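Residues per chain, in single letters:
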Amino acid sequence: MSRLFEFTGDGDFCPGGSLYPNPKETSVFLSLGRHVDVYFPTRKRSRVSAPFVFSGDQLKQKKQASIDVLPDECLFEIFRRLPAGQERSACACVSKRWLLLMSNIRGDELCCNKATLPLKLEDLSGQNEEVSGAEPAAIKDDGYLSRVLEGKKATDVRLAAIAVGTSSHGGLGKLLIRGNNSIRGVTDLGLRAVARGCPSLKVLSIWNVSSVGDEGLIEIANGCRQLEKLELRHCNAVSDKALIFLAKSCPNLTDISIDSCSTIQNEGLKAIGHSCRNLKSISINNCPHVGDQGIASLLSNASCVLTKVKLQTLHVTDLSLAVIGHYGKAVTDLILANLQNVSERGFWVMGKGHGLQKLRSFAVTSCQGMTDLGLEALGKGCPNLKQLRVHKCAFLSDSGLDSFAKTALSLERLQLEECHQITQYGLFTVLANCAVKLKSLTLVHCLGMKDLNMGSPMLSPCKSLRSLSIRHCPGFGDVSLVMLAKLCPNLQHVDLSGLQRVTDAGFMPLLENCDGGLVKINISGCTNLTDKAVSAIAEMHGWTLEVLNLEGCLKVGNTSLVAIAENCPLLNDLDVSLCAVTDFGIAALAHADQLNLQILSISGCTQISEKCLPALRKLGQSLVGLNLQHCSGISKKSVDLLVEHLWRCDILH
């Protein structure tokens with residue numbers, strides 16, 4: 001017994017050696033029984049998390065074997081030998097580490113051989129004949145899939161998952177990243193995963209992602225050589241270096257849009273011009289370091305194929321417009337906006353360059369250089385121009401519009417917004433000189449449009465005009481509308497929204513002179529029009545009318561709805577918001593025999609109550625959209641019941 005207490009653990013407890021010939025026997029964990037006279041009280045069994053081995057003189061715990069102890073290099077070699085499809089996707093779901101490893105394997109690094117392909121059922125049953133030594137068919141990666149990541153969902157992990165998951169299902173063709181996760185946002189690592197796993201990518205659009213820089217886009221350039229469309233917006237970490245790599249590595253680029261990228265300069269645009277021989281569309285907006293040198297180099301080198309050009313908020317001068325006018329031989333669509341350093345001479349030279357022979361659509365906004373002289377030169381230098389939109393050009397007047405209309409003989413659509421020097425005279429001049437091909441005329445917020453009694457001008461009618469839109473021109477009233485009605489006999493679409501000076505007396509002649517039948521009418525905000533005008537619309541043009549907007553016509557009530565119900569079988573969109581209609585008018589619509597409304601808006605009609613609910617249910621048999629917002633006479637409970645009943649109709653409330 002004394003020997004027991006003197007035992008220190010250095011030697012054998014029994015002089016004869018170990019009691020068990022095999023120290024790994026499970027009996028070592030049992031009581032020693034009669035072999036040793038030791039007092040061992042009963043206690044709770046200890047919890048063992050790993051097996052123990054008896055090695056030499058001490059008891060050791062054996063660590064569990066795990067694949068996680070393998071370095072990334074070994075896992076990489078394993079993963080690249082996996083067959084494509086479900087096996088790779090399943091492995092990517094194991095952990096974030098495995099996912100990132102899988103996403104960094106390029107397609108040319110995969111080992112696609114017979115040994116890595118999944119066995120067929122015939123192979124398992126032994127009934128299949130010997131497999132030939134031919135190479136297996138490659139998985140098609142044509143880029144059919146599209147993915148959009150927005151806000152919090154835009155992370156590197158999700159990009160890695162997309163790269164792995166789409167590789168065996170047709171390939172990723174379109175990727176849009178909108179915004180960024182504030183904690184774990186998209187970085188160059190995410191784009192590297194896309195570059196290595198999605199070689200079929202054709203469209204890449206990145207908005208508001210400040211953590212993506214040159215390295216990520218260089219990876220895209222090296223891995224996605226089929227890229228056709230690139231859009232960068234508010235990516236301030238992207239510089240000319242990335243654009244140079246993309247231009248040299250992606251020969252199929254046809255559409256490039258760069259918006260608010262503060263580090264982009266002229267060198268990147270030069271590379272695009274020199275290397276992107278298939279470029280058809282370029283848009284550059286709010287890049288403070290882009291100037292004439294970059295624009296001139298880009299346009300002069302890509303002049304043969306470039307068809308669409310948009311330059312907005314850039315520090316360019318008359319030189320850039322001169323280059324456009326000389327080298328834009330293939331340009332069909334041109335947009336210039338907020339070019340404060342461009343003068344009248346720039347637009348004049350652009351028109352005189354005679355290089356814009358194919359130009360079909362031209363839009364200019366907030367350019368002080370767009371004057372009468374510049375517009376006249378464009379009319380002469382662009383013989384095929386069909387669409388012109390001028391917005392916020394304060395120095396453009398009737399004289400320039402007159403000169404332009406006389407030379408732009410192919411013009412089909414003209415839109416003038418906030419051009420306050422344009423008056424009634426300029427409007428009639430356009431109609432007279434473009435009477436052969438002009439189809440659409442729009443004037444918005446032109447304060448110079450005022451009623452002037454010019455008598456009855458001896459002008460031939462513009463029989464080609466189909467759409468007339470005069471919106472929110474406070475000086476435009478009955479006198480101008482009556483004169484205009486005589487010149488536009490074949491109108492189909494009329495938009496006079498916000499013309500508070502127009503009354504029934506001016507509107508009725510327009511209805512009487514439209515021989516072909518109106519299809520769409522918008523007189524929202526015309527507060528002086530009454531039921532007389534709307535009833536005339538229904539009686540004269542109800543057989544062709546499809547869309548009618550009466551929002552804010554305070555003097556329009558139930559009489560108009562009764563006339564509509566009786567005369568408008570083709571009407572599918574009706575808006576009577578903020579009108580003086582009641583339950584009786586809604587009931588009249590519901591009891592119409594031929595009416596087949598699809599969209600009805602009665603927003604803000606305070607005189608409508610819950611008594612109209614049966615009529616709305618009946619109308620709901622054909623409705624796909626119903627607006628009940630701000631209808632205080634209908635309770636929320638009733639609206640909920642209506643939503644439940646009209647389950648196919650989209651109801652706003």
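Residues numbered from 1 in each chain as written. Predicted model: local features only at pLDDT ≥ 70, side-chain atom pairs only at ≥ 80, totals over all residues. Heavy atoms only, no water.

All right, on to the overall build of the protein then. The number of helices and strands found in the protein is 23 helices and 22 strands. Burial statistics for the protein: of 653 residues in total, 49% are counted as buried. Long-range contacts, defined here as pairs at least 24 residues apart, represent 81% of the contacts in the protein between residues at least 6 apart. Element-wise, carbon and sulfur atoms account for 52% of the exposed surface of the protein, whose accessible area totals about 32900 Å². (Helix = DSSP H or I, 4+ residues; strand = E, 2+ residues; numbered from the N terminus. Buried < 20%, exposed > 50% of the residue type's maximum accessible area, 1.4 Å probe, protein only. Contact = heavy atoms within 4.5 Å. Areas by Shrake-Rupley, 256 points an atom, 1.4 Å probe, with all protein chains shown as cover.)

One finds F362, F507 and L616 to be the most contacted residues of the largest nonpolar core, which totals 172 residues. Grouped together as the second largest cluster of nonpolar side chains are six residues, L75, F79, W98 and I105 included. (Core = buried A, V, L, I, M, F, W, Y, C linked by side-chain atoms within 4.5 Å.)

Right, let's get into the packing of aromatic side chains. Aromatic rings in a pair are described by how distant their centres are and how their planes are angled relative to each other. In the structure shown here, the tally under the stated rule is zero aromatic pairs. The aromatic ring of W207 is capped on one face by R178, whose charged end is 3.8 Å from the ring centroid. Sitting over the ring of W647, R648 keeps its end group 5.9 Å from the ring centre. (Phe/Tyr/Trp six-rings, centres within 6.5 Å; stacked < 30°, edge-to-face > 60°. Lys NZ or Arg CZ within 6 Å of the ring centre and 35° of its normal.)

Moving on: the side chain of S524. Position of S524 among the secondary structure elements: in the loop between β17 (520-522) and α19 (531-541). The exposure class assigned to S524 is buried, which follows from its relative accessible area of 13%. Within the local environment of S524, its side chain forms a polar contact with the side chain of N522, the two groups lying 2.9 Å apart. In this structure, S524 is in contact with L496, S497, G498, N549, L550 and E551, ignoring residues within four places of it in sequence. (Polar contact = N/O pair within 3.5 Å; in protein donor to acceptor, adjacent residues only side chain to side chain.)

Here we come to the environment of G213. Mapped onto the elements of the fold, G213 is located in the loop between β5 (203-207) and α8 (214-223). Spatially, the C-alpha atoms of G213 and A242 are 8.0 Å apart, while their sequence positions differ by 29 residues. When neighbours within four sequence positions are excluded, G213 is seen to be in contact with D188, A237 and V238.

Glancing now at the pairing of strand β13 (residues 413-417). Bridge analysis of strand β12 (residues 387-391) against β13 gives five bridges, and the strand direction is parallel. Across the sheet, the residue bridging to V390 is L416, located in β13. This β-α-β element, β12 to helix α15 (residues 398-407) to β13, shows right-handed connectivity. Judged from the five bridges that link them, β13 and strand β14 (residues 440-444) form a sheet pairing that is parallel. Within β14, the position partnered with L416 by the bridge is L443. Regarding the hand of the β-α-β motif, the stretch spanning β13, helix α16 (residues 424-433) and β14 is right-handed. (Pairing = 2+ DSSP bridges. Right-handed = clockwise from strand over helix to strand, strands pointing away.)

Attention shifts here to empty space enclosed by the protein. If a probe the size of a water molecule is rolled over the atoms, the empty space left behind becomes visible. Counted according to the given criterion, the structure contains one cavity of 30 Å³ or more. Within this model, the largest cavity holds a volume of roughly 40 Å³. What lines the largest cavity is simply L299, A302, S303, L306, V309, I324, Y327, G328 and V331. A per-class count over the lining of the largest cavity returns seven nonpolar, two polar and no charged. (1 Å grid on protein atoms, 1.4 Å probe; cavity = no way out; pocket = protein on both sides within 12 Å on 5 of 7 lines; lining within 4 Å. Points joined across faces, edges and corners; volume = space filled by probe spheres on them. Nonpolar A, V, L, I, M, F, W, Y, C, P; charged D, E, K, R; others polar.)

Looking now at the packing of helix α9 (residues 240-249) against helix α10 (residues 266-275). At a closest axis distance of 8 Å, the pairing of α9 and α10 adopts a crossing angle of 5 degrees. One element, α9, and the other, α10, form an angle in the roughly parallel class. Here D240, L243, I244, A247 and K248 of α9 come into contact with α10, specifically with N266, E267, G268, A271, I272 and S275. (Axes fitted to C-alpha atoms, helices over the stretch in contact; angles between N-to-C directions. Parallel < 35°, antiparallel > 145°, perpendicular 65-115°, else oblique.)

A word on the side chain of S480. Mapped onto the fold, S480 is located in helix α17 (residues 478-487). Overall, the relative accessible area of 1% leaves S480 in the buried class. Here the side chain of S480 touches Q424 through a polar contact of 2.6 Å, side chain to side chain. If we ignore the near neighbours within four places in the chain, the residues touching S480 are Q424, F428, K450 and D451.

This part covers the pairing of strand β9 (residues 308-312). Looking along a regular strand, one sees the side chains alternate between the two faces of the sheet. Burial along β9 is one-sided: the face carrying V309 and L311 is buried and the face carrying K308, K310 and Q312 is not. As paired strands, strand β8 (residues 281-285) and β9 are joined by five bridges and run parallel to one another. Residue pairing for β9: S283 is matched across the bridge by K310. Taking the sense of rotation as the criterion, the β-α-β connection linking β8, helix α11 (residues 292-301) and β9 turns out right-handed. Bridge count between β9 and strand β10 (residues 333-337): five bridges; the pairing is parallel. Across the sheet, the residue bridging to L311 is L336, located in β10.

Below, the discussion takes up the pattern of salt bridges. Throughout the structure, instances matching the rule amount to nine salt bridges. The residue E231 makes a salt bridge to R233 at a minimum N-O spacing of 3.8 Å. Look at R233 and you get partly exposed, because its relative accessible area is 25%. Taking the shortest distance from any N to any O, the salt bridge between E267 and K270 comes out at 3.5 Å. A residue pair is termed a helical-turn pair when its members lie 3 or 4 positions apart in one helix, as E267 and K270 do in helix α10 at three residues. On the basis of relative accessible area, K270 is assigned to the buried category, the value being 18%. (Salt bridge = Lys/Arg side-chain N within 4 Å of Asp/Glu carboxyl O.)

Any region with low pLDDT has predicted coordinates that should not be read closely. Here the protein averages 84 in pLDDT, while 82% of its residues score no lower than 70. This model gives residues 23-40 a pLDDT under 50, and the stretch forms 10 contacts once residues within four places in sequence are excluded. (pLDDT = per-residue confidence, 0-100.)

Within helix α21 (residues 583-590), six of the eight residues are buried, leaving the element largely enclosed by the surrounding structure. If you check which residues of α21 are buried, you get D583, G585, I586, A588, L589 and A590. Buried residues along α21 sit against α20 (558-567), β19 (573-575) and α22 (613-619).

The next subject is the environment of G400. With respect to the helices, strands and loops of the structure, G400 is situated in helix α15. On the basis of relative accessible area, G400 is assigned to the buried category, the value being 1%. Every residue in contact with G400, bar those within four places of it in the chain, is listed here: D372 and L375.

With their axes 11 Å apart at the nearest point, α16 and α17 run at an angle of 5 degrees to one another. Of the possible angle classes, the one that applies to α16 and α17 is roughly parallel. Contacts between α16 and α17 involve Q424, L427, F428 and L431 from the former and S480, M483, L484 and L487 from the latter.

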